[in-house]
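# Chain and residue survey
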Amino acid sequence: MSGWRGIFVFTAIVVTLFKGGAISLMATPACQVWARQLGLHWMLAPQVPPEDAAFIAWMGNRKTISLLEFSSKPIPGISLAPDALATSLTSGQMVSVFNNAVIQSARGHIAHKDFKILLDLEPTSIEAKDLAPTPDEATSFKTTDNAPESEVMKSRQNVLRWLLQKVYRSPELARFPELTKPRWTLPEGNPHKKALDYVESQWTELLRHSREKEGVTLLSAPYPYLVPAGRFTEWYYWDTYFGVLGLLESGRLEIAKMQVENLLFQVSRYGFIPNGGRIYYLSRSQPEVLSMTVRAVFDAAWEAATSEPERDELKDWLKTRALPLMKASYSFWREGVRHTPSTQLSRHYDSLEDVPRPERFSEDKDHENPLTFRAQAESGLDFTRSLGENTHYVNGVLLNSFLWRTEMDIAELSELVGDLQTRDQMKDAAVTRAAAIRRYLWNSERGVFQNYDFAAGKRIDVLSAETFAPLYVGMLTPDEAARVRQATMAGLLGPGGLKSSEHSPGLHQWEGENMWMPLVEMATSGLN
């Protein structure tokens, strides 16, 4: 083949080969014009891989309308008006994302190493006249008739990378410099000044916002939300809780209130809080931290209130909005597939079960048990051997400790607003869970808490920093706390500080010397 037309025809041909079937390359009207001008006729519908078809069907069958009636009045003290609340996602929007043939082809040909970034791209507005490769780019598209498979694959990848660069971009997220401008510093010469100045500067990077759009995987939130930084441009559930602790510590109560409202909005919309702010996270959650987030912000707002009418407003918000949604979020773990009747404890799961995760397709597609990846992703500790090879059969220390705290928080806050029936119910639930945690998760010989595989009927004998969770939430007696401290200081404290687990070296992100902030917070606050 030679000449521009031949190159484009070749481009068209190689892209149709994804999974052995012809699919439409055209993702935007400009691409369609471009194809017509070059005589490329794309008449066949996209071929959707089975794993994505399963996701689309699941989304189409679930109800994404508001599940509860509750007060729409947000927590007092938020001055920044929210965007209009987004309408519910539809199966049509799912199709527009997952039927995208350029993305599917790029995934099939491994034209991008990071599948998550690939799924998170946003179509751009581009004119057909701008879809023309340079001579050097065109050369990279060429191949001979008898070229080896590796050369053909490389050529296909070059074509797809070119299209991705031309037609897609990372979503543009709004920033809020006035809300997040630095508030604290230290005198010149202080050895900690540089570190504090850096932390203060990062709030501008971390507070973002975006609306939902057709063909984009982002989920909306009514207020600006915290992102974990790096490549992530969406909020994550339990990351939000730990971010709120930092916001409160640095005197940013208004932004902390926004994070609470964002989480409550997700419960009102879906009946639970998804793993994060992407449509492919809607089949799972993360460790239950809503009550701890509400409690932290409510306590700070209560302390900051200067009059009884302000505190009455806070109590009304708690009674009519926060508590009903906290109870709904709690029910997600207490009822259905995530509750284990035999132990009276909870587990991590994923409603899509054995469907490979779209954002981690290359890791999951050849694994015989994708559900364990999905369940471990819900744990927030993805990945660690302390959760075993079948995480969906594991009653976790961290999850059940946080749920005990949830039961206690709902009980105590219900008493504050005069709902004594809920107080008594949740206190009883907390007593039951604490007894089950001690029965199934406590290793009396080692003096630590360990995850329990209820299918195998035994604990997973690994010492990990998850054992700090019962200590962190305030569940332990002084004697139990002393034993946990002794065992963890002997088994997890080493050069550089605490380890995530006794594994050495750590093969995964959440084990061995790979230590993360949530575990550090649980350890230091729990021990203190």
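Residues numbered from 1 in each chain as written. Predicted model: local features only at pLDDT ≥ 70, side-chain atom pairs only at ≥ 80, totals over all residues. Heavy atoms only, no water.

On to the sheet that holds strand 11 (residues 452–453). With antiparallel pairing, the 3 strands of this open sheet are ordered in space as 8-11-12. Pairing within the sheet leaves two strands with one partner each, and these edge strands are strand 8 (394–395) and strand 12 (458–459). As paired elements, strand 8 and strand 11 share 2 bridges and run antiparallel to each other. Counterpart to Asn395 in the pairing with strand 11 is Tyr452. (Pairing = 2+ DSSP bridges. Helix = DSSP H or I, 4+ residues; strand = E, 2+ residues; numbered from the N terminus.)

This part is about the pattern of salt bridges. Using the criterion set out here, one finds 31 salt bridges in the structure. Between Glu205 and Arg208 there is a salt bridge; the shortest N-O distance is 3.8 Å. For Glu205, a relative accessible area of 34% gives the class partly exposed. Note that Glu415 and Arg423 form a salt bridge whose closest N and O atoms lie 3.5 Å from each other. On the accessibility criterion, Glu415 (39% relative accessible area) is partly exposed. Among the ionic contacts, a cluster of salt bridges with common partners joins Arg295, Asp299, Arg405, Asp409 and Glu412. (Salt bridge = Lys/Arg side-chain N within 4 Å of Asp/Glu carboxyl O. Buried < 20%, exposed > 50% of the residue type's maximum accessible area, 1.4 Å probe, protein only.)

Across the sheet, which stays open at both edges, the 3 strands sit in the order 3-4-5 with antiparallel pairing between neighbours. Looking along the sheet, the strands with just one partner apiece sit at the ends: strand 3 (174–175) and strand 5 (225–226). The pairing of strand 4 (residues 207–209) with strand 5 spans 2 bridges and is classified as antiparallel. Bridge pairing in strand 5 links Leu207 to Leu226.

Right, let's get into the packing of helix 14 (residues 308–334) against helix 17 (residues 397–416). Remark: helix 14 packs on helix 17, axes separated minimally by 10 Å, with the N-to-C direction vectors making an angle of 150°. The pairing of helix 14 with helix 17 is recorded here as roughly antiparallel in orientation. For the pair helix 14 and helix 17, the sense of crossing is left-handed. Residues Lys315, Leu318, Leu323, Met326, Lys327, Tyr330 and Trp333 of helix 14 pack against Leu399, Leu403, Thr406, Glu407, Ile410, Leu413, Ser414 and Leu416 of helix 17. When the residues that make up the contact of helix 14 with helix 17 are grouped by side-chain class, the tally is 10 nonpolar, 2 polar and 3 charged. (Axes fitted to C-alpha atoms, helices over the stretch in contact; angles between N-to-C directions. Parallel < 35°, antiparallel > 145°, perpendicular 65-115°, else oblique. Left-handed = near helix turned anticlockwise from the far one by under 90°. Contact = heavy atoms within 4.5 Å. Nonpolar A, V, L, I, M, F, W, Y, C, P; charged D, E, K, R; others polar.)

Residues spaced three or four apart along an α-helix face the same direction, because each turn holds 3.6 residues. The end-to-end C-alpha distance of helix 12 (residues 253–270) is 26 Å, a good match for the 26 Å that 18 residues give at a rise of 1.5 Å each. Gly271 sits one or two residues past helix 12 and shows a positive phi near 85°. (Expected span 1.5 Å × (residues − 1).)

Tallied over the full model, the rule gives 15 aromatic pairs. Ring geometry for Trp238 versus Trp510: centroids 6.0 Å apart, planes at 35°, classification tilted. In this pair, Trp238 sits in helix 11 (residues 237–249) while Trp510 sits in the loop between strand 14 (497–498) and helix 21 (517–527), placing the two residues 272 residues apart along the sequence. On the basis of an interplanar angle of 35° and a centroid distance of 5.6 Å, the ring pair of Phe298 and Trp302 is categorised as tilted. In this pair, Phe298 and Trp302 both sit in helix 13 (residues 290–304), 4 residues apart, roughly one turn of the helix. In this structure an aromatic cluster arises from ring pairing among Trp238, Tyr241, Phe242, Trp510 and Trp516. (Phe/Tyr/Trp six-rings, centres within 6.5 Å; stacked < 30°, edge-to-face > 60°.)

Quick look at the nonpolar core now. In this structure, Leu290, Trp317, Leu318 and Phe402 are the most contacted members of the largest nonpolar core, which totals 104 residues. No other element matches the 11 residues that helix 14 contributes to this core. Excluding residues within four positions of it along the chain, Trp317 makes contact with Lys73, Pro74, Ile75, Pro76, Val260, Glu261, Leu264, Val294, Phe298 and Ala322. Of all hydrophobic cores here, the second largest spans 18 residues; its members include Leu119, Leu160, Leu163 and Tyr281. (Core = buried A, V, L, I, M, F, W, Y, C linked by side-chain atoms within 4.5 Å.)

Empty space left among the atoms is revealed by rolling a probe the size of a water molecule over them. Approximately 1,100 Å³ is the volume found for the largest pocket. Taken together, 40 residues make up the lining of the largest pocket; nearest its centre are Pro228, Phe232, Tyr236, Asp239 and Trp516. The residue inventory of the lining of the largest pocket, partitioned by class, reads 21 nonpolar, 9 polar and 10 charged. (1 Å grid on protein atoms, 1.4 Å probe; cavity = no way out; pocket = protein on both sides within 12 Å on 5 of 7 lines; lining within 4 Å. Points joined across faces, edges and corners; volume = space filled by probe spheres on them.)

Before going further, it helps to spend a moment on helix 11. Compared with the 18 Å implied by 1.5 Å per residue over 13 residues, the 19 Å span of helix 11 between its first and last C-alpha is a close match. Listed in full, the buried residues belonging to helix 11 are Tyr237, Trp238, Thr240, Tyr241, Phe242, Gly243, Val244 and Leu247. Note on helix 11: the residue one or two positions beyond its end, Gly251, has a positive phi of about 80°.

Time to look at the side chain of Thr340. Relative to the helices and strands, Thr340 resides in strand 6 (residues 339–340). Exposure remark for Thr340: the relative accessible area of 4% places this residue in the buried category. With sequence-adjacent residues up to four places away left out, Thr340 is seen in contact with Leu345, Arg347, Asn395 and Phe454.

Looking now at the environment of Phe176. Position of Phe176 relative to the elements: it lies in the loop between strand 3 and helix 9 (177–180). Owing to a relative accessible area of 19%, Phe176 belongs among the buried residues under this scheme. As a C-alpha pair, Phe176 and Glu205 span 29 residues in sequence and 9.0 Å in three-dimensional space.

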